[in-house]
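# Descriptive analysis of the structure
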Amino acid sequence: MVTANPELTYNSKIEGDIVVTRVDAAINWVRTNSMWPMPMGLACCAIELMAVAASRFDIARFGAEVMRFSPRQADCMIVAGTVTYKMAPVVRRIYDQMASPKWVIAMGACASSGGMYRSYATLQGVDRIIPVDVYVSGCPPRPEALLDALMKLQGKVKKERSFSKLLSA
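Residues numbered from 1 in each chain as written. Predicted model: local features only at pLDDT ≥ 70, side-chain atom pairs only at ≥ 80, totals over all residues. Heavy atoms only, no water.

A few words on the pattern of salt bridges. Counting across every chain of the model gives four salt bridges. As a salt-bridge pair, K156 and D133 come within 2.7 Å of each other at their nearest N and O atoms. On the criterion of sequence distance, the pair formed by K156 in helix α6 (residues 143-158) and D133 in the loop between α5 (109-113) and β4 (134-136) is long-range, its members being 23 residues apart. D148 is the salt-bridge partner of K152, the closest N and O atoms lying 3.3 Å from each other. Placement of the pair is K152 and D148 together in helix α6, with a separation of four residues, close to one helical turn. Using a relative accessible area of 52% as the deciding quantity, one classes K152 as exposed. (Salt bridge = Lys/Arg side-chain N within 4 Å of Asp/Glu carboxyl O. Helix = DSSP H or I, 4+ residues; strand = E, 2+ residues; numbered from the N terminus. Buried < 20%, exposed > 50% of the residue type's maximum accessible area, 1.4 Å probe, protein only.)

Below, the structure written as structure tokens:
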């Protein structure tokens, strides 16, 4: 008669409620599924940004439906539209006021590269004043493109070494 070794068997009463994971994975899972965007709507791309929160596209599926209009409560800035030199210091100040870790999505051709505006008043890409994690192409980009960028940003956040950053901070 074969008897099972009780030390090597799975006891569902004990192991059923225990999850084993790395600290990085747990922190990144929380950060990935609870991004709070700071909408920085500067031009026509902001209309597409608003559409992404509507019921047809439903950004809530990605845990990013809580648009925060206070930089201290947001961790993902979505720069949508043309950034002028007059507005650039304001964008930089709001970015600086956001708590770390923070990420940036440049939405649209104008935010990414200045778009069709080659004038003295237009900043030729928001990455000249703040670091950008994901670029969304198009003029204006469709809401699906923003959702795709959000998923790319979530993939990037999942791969970060967050626990070592917490210890070094």
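Alright, that's what it looks like, and here's the rest.
To continue, consider the pairing of strand β2 (residues 76-80). Summarising burial for β2: five of the five residues are buried, a large majority. A two-sided burial pattern is seen for β2, the buried positions comprising C76, I78 and A80 on one face and M77 and V79 on the other. As paired strands, strand β1 (residues 37-41) and β2 are joined by five bridges and run parallel to one another. From the neighbouring strand, M38 faces β2, where its bridge partner is M77. Note that the unit made of β1, helix α3 (residues 45-51) and β2 has a crossover that is left-handed. Sheet topology note: the β2/strand β3 (residues 103-107) ladder contains five bridges and is parallel. Looking at β3, one finds that M77 is bridged to V104. Traced from β2 through helix α4 (residues 88-97) to β3, the parallel crossover comes out right-handed. (Pairing = 2+ DSSP bridges. Right-handed = clockwise from strand over helix to strand, strands pointing away.)

Moving on, we come to the UniProt feature "binding site: [4Fe-4S] cluster" (unreviewed entry) in the protein. The sites that UniProt annotates as "binding site: [4Fe-4S] cluster" (unreviewed entry) are C44, C45, C110 and C139. Annotated residues spanning 96 residues; largest pairwise C-alpha distance 9.9 Å, indicating a single compact cluster. Mapped onto the elements, C44 comes out in the loop between β1 and α3. Among the residues examined, C44 registers a relative accessible area of 47% and is labelled partly exposed. (UniProt positions renumbered as here; feature names shortened; annotations may be inferred.)

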